[in-house]
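Below are the chains, spelled out letter by letter.
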Number of protein chains: 2
Amino acid sequence: MQEQVLAQLAAVLGERGILSSAEDCARYVTGARYGQGRTLAVLRPDSHEQVQQIAAICAQHSMPLVLQGANTGLVAAATPDASGRIAVLSLERLKSHIEIDLDNRSVTVDAGVSLQDLNDALEPHGLCFPIDLGANPSIGGMIAANTGGARLIKYGDVRHNLLGLRAVLLDPPGAELDLLAGLRKNNTGPDLKQLFVGSSGAYGVITRAVLQVHRLPRQSATALVIPRDQDAVLEILRVLERDCGEFLSAFEGMSGAAMQAVARHIPDLGNPFAPEALPEYAVLIELTSTSDPASGIEVETLLMNALENLFGDAVQNAVVGRGKDLWRIRHAISESIRHEGKLIAFDIAMVRSALPAFRARALDLLAQRFPYIKAFDFGHWADGGCHFNLAWPADAAVAYDAAIVEQIRTALYDLVVYEFGGSFSAEHGVGPYNQQYYQRYVSQNAKQLAGKIQSMLDPQGLLGLTRFGAQ
Amino acid sequence: MQEQVLAQLAAVLGERGILSSAEDCARYVTGARYGQGRTLAVLRPDSHEQVQQIAAICAQHSMPLVLQGANTGLVAAATPDASGRIAVLSLERLKSHIEIDLDNRSVTVDAGVSLQDLNDALEPHGLCFPIDLGANPSIGGMIAANTGGARLIKYGDVRHNLLGLRAVLLDPPGAELDLLAGLRKNNTGPDLKQLFVGSSGAYGVITRAVLQVHRLPRQSATALVIPRDQDAVLEILRVLERDCGEFLSAFEGMSGAAMQAVARHIPDLGNPFAPEALPEYAVLIELTSTSDPASGIEVETLLMNALENLFGDAVQNAVVGRGKDLWRIRHAISESIRHEGKLIAFDIAMVRSALPAFRARALDLLAQRFPYIKAFDFGHWADGGCHFNLAWPADAAVAYDAAIVEQIRTALYDLVVYEFGGSFSAEHGVGPYNQQYYQRYVSQNAKQLAGKIQSMLDPQGLLGLTRFGAQ
């Protein structure tokens, strides 16, 4: 039976379009952070029509699929399970189309195109797709995960910049949903493309999208600011949004522990502070502008003036300039934490106003209940996102224990969701990895509705491993 | 039977909460532009819980409802039909809650609060909800219509600023969907609140929302610019987005005919041009900034410099300053057209790059087939929106004929949708008024999916008169 289906798929996809040896499939069955499985075959269509045929064949034979873009997701949503019965539908070869509309400031792009390749194509036109991430995902994957990144405060997330898409549906099997018009204003019924944004690839296969793109900045200014305390971080944010709000493109908090980890493990980074003089907390601030500095707008001057007004009160110290060095510190945090012990990563969010109280409560919770765990938190304060990452040191008083990790997760998520009304998955999505937390924290009525939509779009439950219905 | 249901509703809503005399109901059964009907009763809940009870009672007795906010919609989505069997569910009394979170830059607000009342509450804090419209709708209505307005290019539409909502569902009857967390990053499953945005009130009853709000600008600069020709409009837009993109808050095209209508009918407007010297086309440009002019940012200087660089080529002439006068001209267009004949309004959109060619084709189509019709078009070029409004003069060679109006509509919409890939309803929604065009222009697969969602959320089809399913 499976052989017959694979033969049918091979006839559609050709030799290059289907992989089945364990060696060829290896890189498709291991997730970027979590997830390890087996697969029947990797399907690699190179056209929208092939995706339609795959959907039709798989629906006909009830063969399950997981969708995969660049396999950079962090919740195992693109990884097959251990059964070996699931095929991987990789969109990596669907990448021939990149069509820029300069006057519309938009681009029509195949789902398999990578963020980097898209930006390389946009750059000669002075344009960019400015969702800034620590990976190089595919555009389809970015939509399925609704990625946010570090510059959300200026540009929004993927949803904000998605002008259109085309998807292949499982019901009717292989049907095309063409929403590629690429309009900024269009209210001709419900906006169906929203269904596919942030749904972890469970509702349909995105094959093409129209994205709003942005002018490349022609100047930027960066500062590393030491706030008086956690409340001062919000004071600084409020003043910056008032005095230079149009330019604020990043406002990233970094704990002293995170910066110390960077200093310890990547010492050549050009850290502006001596390792022994690292502050308890710092904020990386970036202003950017598309304006020529000759126009009279100088974001560095604006930033310096804004900080000067805050100096001695909300701001205790600040380094302005050296943007590349400062961003390298920020980007080196995740890697550095791995040297501190086993990573226990968090991707949470809450209203910005709750961040100081949450951080105090969370650090207190750890100190009380799990004193051997070290926190290396950092976060996107301007959008309420927080990577409250922890490490379990190899030399800790208590040896690493997966059951305790679960206790830590639940304790911290309970705090985030129940006490601060926040989110247990800010920008990584659900996927198998977060399935149990989805069940625990999402309301019964929301789960029922999301599950009904899933049953409507994928009646046989073939697409992905994420299940949105209430259990 | 109906009497029994009304008695049950009256017991829930109290005396002030239900209206049934023709006199009391009159203002609820006439739409702002289209629609005139009759109603069984107007239900006026003043709490979310009352809305839940109404939904439960109406579902139990299969009593249809239309939702109404401030009754400012332009597609009759809030107006009952002539049967007299439909009750109006007015949210106008649901307006006690306005809760501002300064640090989160957001507000939690009841659905019945008006845009003006919200902005009055925000103004003392230096904040605003900047969706700029020619009416004063309720927040719930703005979400149901996904209003855009004249400043979308800077702030986005309602969808872009919606951080959360709470809705009452018809299935299970009266169930609450609480998505009020108000987060900027949250990807814990599909974003269910998107279903209720731009769905003309057909999917559920919005009772409360969390909105991202913005800093009030502390300076603005306005110019009326005469472009060389239609292509030059896009050239000017491109240069402005490059050189002062962070500040561009409006880019509104106005045809000479529209400006002449204003000059003829509202002569005291402070028009910078003599009526006989009005240009063929003009663009109203606005830059705003939250920055203090003392900070070194002066948007008026920026605007003048940008226009100076374009002068003699893309820009033939320009008046900078006099923002209030210039906006009064823009806002007076709709009213002025009414003096020119019977209004035939259009609310279309397309990719920005298509606007010059569309306009030429549309004017040519009118000249060829309907030469007695006059065009008074104006539009939001920066977001591709266009109000291609027409008037049928009282003294036209052909007398007004509703059947010909339908021919004109279909001919122009065919051009917009089939030849330019645009939208027949940019920001007004579907509603009964656009129902036939929805059927004509939306793809079969999109209609089937939207219809399936409608059946899922409202199995008895009780909510509103808009039907999204394929017919």
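**Q** Would you take a moment to explain the overall build of chain A for this structure?
**A** When helices and strands are tallied, chain A shows 15 helices and 21 strands. For chain A, the C-alpha radius of gyration of 23 Å lies close to 23 Å, the compact-globule estimate for 471 residues. Across the 471 residues of chain A, 56% fall into the buried class.

**Q** Can you walk me through helix α10 (residues 299-310) of chain A in this structure?
**A** Structural remark: α-helix, 3.6 residues per turn; residues separated by three or four positions point the same way. Residues and elements named next belong to chain A. Between its first and last C-alpha, α10 extends 17 Å over 12 residues, near the 16 Å set by a 1.5 Å rise per residue. Looking at the buried side of α10, the elements it contacts are β12 (219-227), α8 (230-244), β14 (281-289) and β15 (315-320). Of the residues flanking the end of α10, it is Gly-312, one or two places downstream, whose phi is positive at about 85°.

**Q** What is the right way to look at the interface of chain A and chain B in this model?
**A** In many analyses, interface size is given as the accessible surface area lost on bringing the parts together. With 84 residues of chain A at the interface, the matching set in chain B holds 84 residues. Of all elements in the fold, only β9 (176-179), α8, α10, α14 (431-441) and α15 (444-457) of chain A reach the threshold of two or more residues within the side of chain A that touches chain B. The biggest single contributor to the side of chain A that touches chain B is α15 of chain A, with seven residues. Its residues placed into classes, the side of chain A that touches chain B shows 32 nonpolar, 33 polar and 19 charged.

**Q** How should the relation of the copies chain A and chain B be read in this particular structure?
**A** The operation relating the pair of chain copies consists of a rotation about an axis and a translation along that axis. Laying chain A over chain B is done by rotating through 180° and shifting 0.0 Å along the axis; what remains is an RMSD of 0.0 Å. Expressed as a symmetry operation, the mapping of one chain copy onto the other fits a two-fold axis. Looking at chain A, 100% of its interface residues are interface residues in chain B too, so the copies touch through the same face.

**Q** Please explain the sheet that holds strand β13 (residues 248-255) of chain B as it appears in this structure.
**A** By way of backbone hydrogen bonds, the strands of a sheet pair with one another, either parallel or antiparallel. Residues and elements named next belong to chain B. Sheet architecture is open: seven strands sit in the order β15-β12-β14-β13-β19-β20-β17, paired in antiparallel fashion. Whereas interior strands pair on both sides, the edge strands pair on one side only; in this sheet they are β15 (315-320) and β17 (348-349). Contacts from helix α9 (residues 256-265) reach β13, β14 (281-289) and β19 (378-380), with the element oriented near 85° to β13.

**Q** Which parts of the structure should I look at to understand the nonpolar core?
**A** The tendency in soluble globular proteins is for nonpolar side chains to be buried side by side. Residues Ile-143 of chain A together with Ile-143 of chain B are the most contacted members of the largest nonpolar core, which totals 318 residues. Beyond its immediate chain neighbours, meaning those up to four positions away, Ile-143 of chain B contacts Val-158, Leu-162, Leu-165, Phe-196, Val-197, Ile-206 and Ala-209 of chain B.

**Q** How should I be thinking about the domain arrangement of chain A in this particular structure?
**A** Residue and element names in this part refer to chain A. What the domain assignment lists for chain A is domain 1 (2-90), domain 2 (98-215), domain 3 (217-337) and domain 4 (340-428). Taken over C-alpha atoms, the centre of domain 2 sits 30 Å from the centre of domain 3. With six residues of domain 2 at the contact, the number on the domain 3 side is eight residues. Of the residues contributing to the side of domain 2 that touches domain 3, the split by class is two nonpolar, one polar and three charged.

**Q** Before we go on, may I ask you to explain the packing of helix α12 (residues 355-369) of chain A against helix α13 (residues 402-419) of chain A in this structure?
**A** Between two packed helices, what matters for the description is the angle formed by their axes and the separation of those axes. All names here are of chain A. The geometry of α12 relative to α13 is characterised by a closest axis approach of 11 Å and an angle of 155° between their N-to-C directions. Here α13 runs roughly antiparallel to α12, going by the angle between their axes. For the element pair α12 and α13, the recorded crossing hand is right-handed. Side by side, α12 and α13 meet where Phe-358, Arg-361, Ala-362, Leu-365 and Arg-369 of the first sit next to Ala-411, Leu-412, Leu-415 and Val-416 of the second. Here the contact of α12 with α13 is built from residues that sort into seven nonpolar, no polar and two charged.

**Q** Whenever I open this one, α8 of chain A confuses me. Can you help?
**A** Residue and element names in this part refer to chain A. Its 15 residues give α8 an end-to-end C-alpha distance of 21 Å, which sits within 8% of 21 Å, the value for a rise of 1.5 Å per residue. Of the positions making up α8, those classed as buried are Ala-232, Val-233, Ile-236, Leu-237, Leu-240, Asp-243 and Cys-244. Looking down the long axis of α8, one finds its buried residues gathered within 150° of arc, a one-sided arrangement. Where α8 is buried, its residues contact β12, β13 (248-255), β14, α10, β15 and α12.

**Q** Would you take a moment to explain unusual backbone geometry for this structure?
**A** What you tend to see is this: most non-glycine residues have negative phi, and most peptide bonds are trans. Following Asp-171 of chain A, the chain continues into Pro-172 of chain A via a peptide bond in cis, with omega recorded as -5°. Backbone geometry at Arg-322 of chain A places phi at a positive 55°, although glycine is not the residue there. In this structure, Arg-105 of chain B is a non-glycine residue whose phi angle is positive, near 45°. The residue Arg-105 of chain B is located in the loop between β5 (98-101) and β6 (106-110) in this model.

**Q** Would you take a moment to explain the pairing of β13 of chain A for this structure?
**A** Two faces belong to every sheet, and in a regular strand the side chains alternate between them. Residues and elements named next belong to chain A. Across the eight residues that make up β13, a large majority, eight, are buried. In terms of strand pairing, β13 meets β14 through seven bridges, oriented antiparallel. Bridged to Gly-253 within β14 is Val-283. Here three bridges tie β13 to strand β19 (residues 378-380), and the two strands are oriented antiparallel to one another. Paired with Gly-253 across the bridge in β19 is Gly-379.

**Q** Any chance you could explain the sheet that holds strand β1 (residues 18-19) of chain B here in plain terms?
**A** Across the sheet, which stays open at both edges, the four strands sit in the order β1-β2-β4-β3 (chain B) with mixed pairing between neighbours. The open sheet is flanked by β1 and β3 (65-68) of chain B, the only strands paired with a single partner.

**Q** Even after reading the chapter, I still don't get the environment of Ile-266 of chain B, so can you show me in this structure?
**A** By secondary structure assignment, the location of Ile-266 of chain B is in the loop between α9 and β14. Taking C-alpha positions, Ile-266 of chain B is 7.2 Å from Ser-336 of chain B, a pair spaced 70 residues apart along the chain.

**Q** Sorry if this is basic, but what is going on with the confidence of the model for chain A here?
**A** Close inspection of predicted coordinates is inappropriate for parts of the model with low pLDDT. In this model, chain A carries an average pLDDT of 95, and 100% of its residues clear a pLDDT of 70 or more. Our summary of model confidence lists the complex with pTM equal to 0.97 and ipTM equal to 0.96.

Rules used in this analysis
- Residues numbered from 1 in each chain as written.
- Chains lettered and ligands numbered in written order.
- Predicted model: local features only at pLDDT ≥ 70, side-chain atom pairs only at ≥ 80, totals over all residues.
- Helix = DSSP H or I, 4+ residues; strand = E, 2+ residues; numbered from the N terminus.
- Rg over C-alpha atoms; globule rule 2.2 N^0.38 Å.
- Buried ≥ 20, exposed ≤ 12 C-beta atoms within 10 Å, placed from the backbone.
- Expected span 1.5 Å × (residues − 1).
- Contact = placed C-beta atoms within 7 Å.
- Nonpolar A, V, L, I, M, F, W, Y, C, P; charged D, E, K, R; others polar.
- Least-squares fit on C-alpha atoms with pLDDT ≥ 70 in both.
- Pairing = 2+ DSSP bridges.
- Axes fitted to C-alpha atoms, helices over the stretch in contact; angles between N-to-C directions.
- Core = buried A, V, L, I, M, F, W, Y, C linked by C-beta atoms within 7 Å.
- Domains from an automatic or database assignment.
- Parallel < 35°, antiparallel > 145°, perpendicular 65-115°, else oblique.
- Left-handed = near helix turned anticlockwise from the far one by under 90°.
- Arc of directions from axis to C-beta.
- pLDDT = per-residue confidence, 0-100.

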